[in-house]
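Observations on the model geometry
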Amino acid sequence: MHNMSPQRFKAKGQELGIEPMLLENASKAIQQIANVDTRLFPLLTLKHLSVVTGLPYGFLRNVVARKTVRYRHFYMKKKMPGRRNVRMISIPEDRLLSCQKWITQNILKFGPVHPSSFAYHPESNPVFAARVHSNTQWLIKVDVRDFFHAVSEHKVYKVFRSLGYSKILSLELARLCTMPAERRTKGKDPNAKYPSTAIQYYNTPTVGILPQGAPTSPMLSNLVMREVDEHLAKLAANSGMRFTRYADDIVFSCTDERDRKSLNLVKRNILSILSKNGFRPNLRKTVMRGPGDRKIVLGVLVDSSQPKLTREYKDLIRLHLHYLTHPDFGPAKHADARKTSIARIYHHVFGTICWARAVEPKFGSAALVRFNLIDWPPIVKPTYYSIRTE
């Protein structure tokens, strides 16, 4: 069905004796989706989604109508507290999780992402984002407050509409990918042409938001931000600056010397673009760095021609390897001293070394050689882990 053309679909339907008008409407819907991208799954209705996912239609319809809460919430302490000290993580129940995974794999991963976005898509890489800002003289960093929760189901609805899906199906997909907001909304988004009132069962007093923890949320946030990215990229081009966005981290930089007044104007324009599009900048994390200041993008130093690890990051790896390889300590005692398990220590240190290899291959590879010589007890290692030392 995935690659079926409208003509072939219509021919098959005629063989099965399906009503001509129904076939004609379905063929037009398939063509509309294919006109956007032939890789997009030609999904037609919520019932069609029930069939392809194997999930009960009644279950999907109740999720769309917000009849029950389908998420488990827990809270993680933020490294740098803002308006709140914790971040809410929302995990969908198993059936909804499988539905969201299907939507991600068959629809969202084919959505067009802005070239300046470096997160949440297969070709993305944070090192690439940092490399854009090499040899920086001036650096502006802006963080978006409550990034996922700032994305409403109205914005998500527009994403699915832009991919060619019908109005009512776009509403249903938007509801399947969002959760009810914590507070009732004061009014409807004046820019959202939203068909919920067409089906009484779907009317709700709240507007959904992207749950941080759902598989659909990262890619949807990218697609929602595409228009914002275009405005920011235009601002960067007009200002003679470079621009990247990695999730909610927005970075502008330049290699030439400028006065602080002109950079403040650029910063104000960035904040204005975000505010006009419904996003609130986190002013506590908004910084500007000039000549002589330390400049870090995504944890990487960008003062020179190539991104580099910070001294603190390298020292942390050296510290771990010292205790892990020391005959008087080793994995067990090191894990006990840090009040964690050996498996957690293994995965944590391995992850830090992998990042080091990506940024500074020579240092990271040398660290990996020492890591692989450690006498680790039996540990379950994910198949995607690479322990090559070349």
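In case you missed it, the structure is sitting above this.
In what follows, the accompanying structure is described. Owing to the predicted nature of the structure, the values given are computational and were not obtained by experimental measurement.

A word on the pattern of salt bridges. Applying the stated criterion across every chain, the model contains 13 salt bridges. In this structure, D37 and R39 form a salt bridge, with 2.8 Å as the shortest nitrogen-oxygen distance. Across the pair D229 and R245 runs a salt bridge, and its minimum N-O distance is 2.7 Å. Placement of D229 in helix α10 (residues 226-239) and of R245 in strand β6 (residues 242-246) is noted, with a sequence separation of 16 residues between them. Overall, the relative accessible area of 0% leaves D229 in the buried class. Put simply, R66, E153 and R175 are held in one network by salt bridges that share partners.

The next thing to look at is the side chain of S221. Relative to the assigned elements, S221 resides in helix α9 (residues 217-224). On the accessibility criterion, S221 (0% relative accessible area) is buried. Those residues in contact with S221 that sit more than four places away from it in its chain are Y120, F147, F148 and L210.

Across its 17 residues, helix α11 (residues 260-276) extends 24 Å between first and last C-alpha, which sits within 8% of the 24 Å expected from 1.5 Å per residue. Turning to α11, its buried residues number three or more, namely L263, V266, I270, L271, I273 and L274. With its buried residues spanning 160 degrees around the axis, α11 presents them on a single face. Exposed and facing more than 90 degrees away from the buried side of α11 are K261 and K276. On its buried side, α11 packs onto β3 (138-144), α10, β7 (249-254) and β8 (281-289). Two or three places before K261, at the start of α11, stands the capping residue D259, its side-chain oxygen 3.2 Å from that residue's backbone nitrogen. The first or second residue beyond α11 is G278, which carries a positive phi of 85 degrees.

The rules behind each value
- Residues numbered from 1 in each chain as written.
- Predicted model: local features only at pLDDT ≥ 70, side-chain atom pairs only at ≥ 80, totals over all residues.
- Heavy atoms only, no water.
- Salt bridge = Lys/Arg side-chain N within 4 Å of Asp/Glu carboxyl O.
- Helix = DSSP H or I, 4+ residues; strand = E, 2+ residues; numbered from the N terminus.
- Buried < 20%, exposed > 50% of the residue type's maximum accessible area, 1.4 Å probe, protein only.
- Contact = heavy atoms within 4.5 Å.
- Expected span 1.5 Å × (residues − 1).
- Arc of directions from axis to C-beta.
- Polar contact = N/O pair within 3.5 Å; in protein donor to acceptor, adjacent residues only side chain to side chain.

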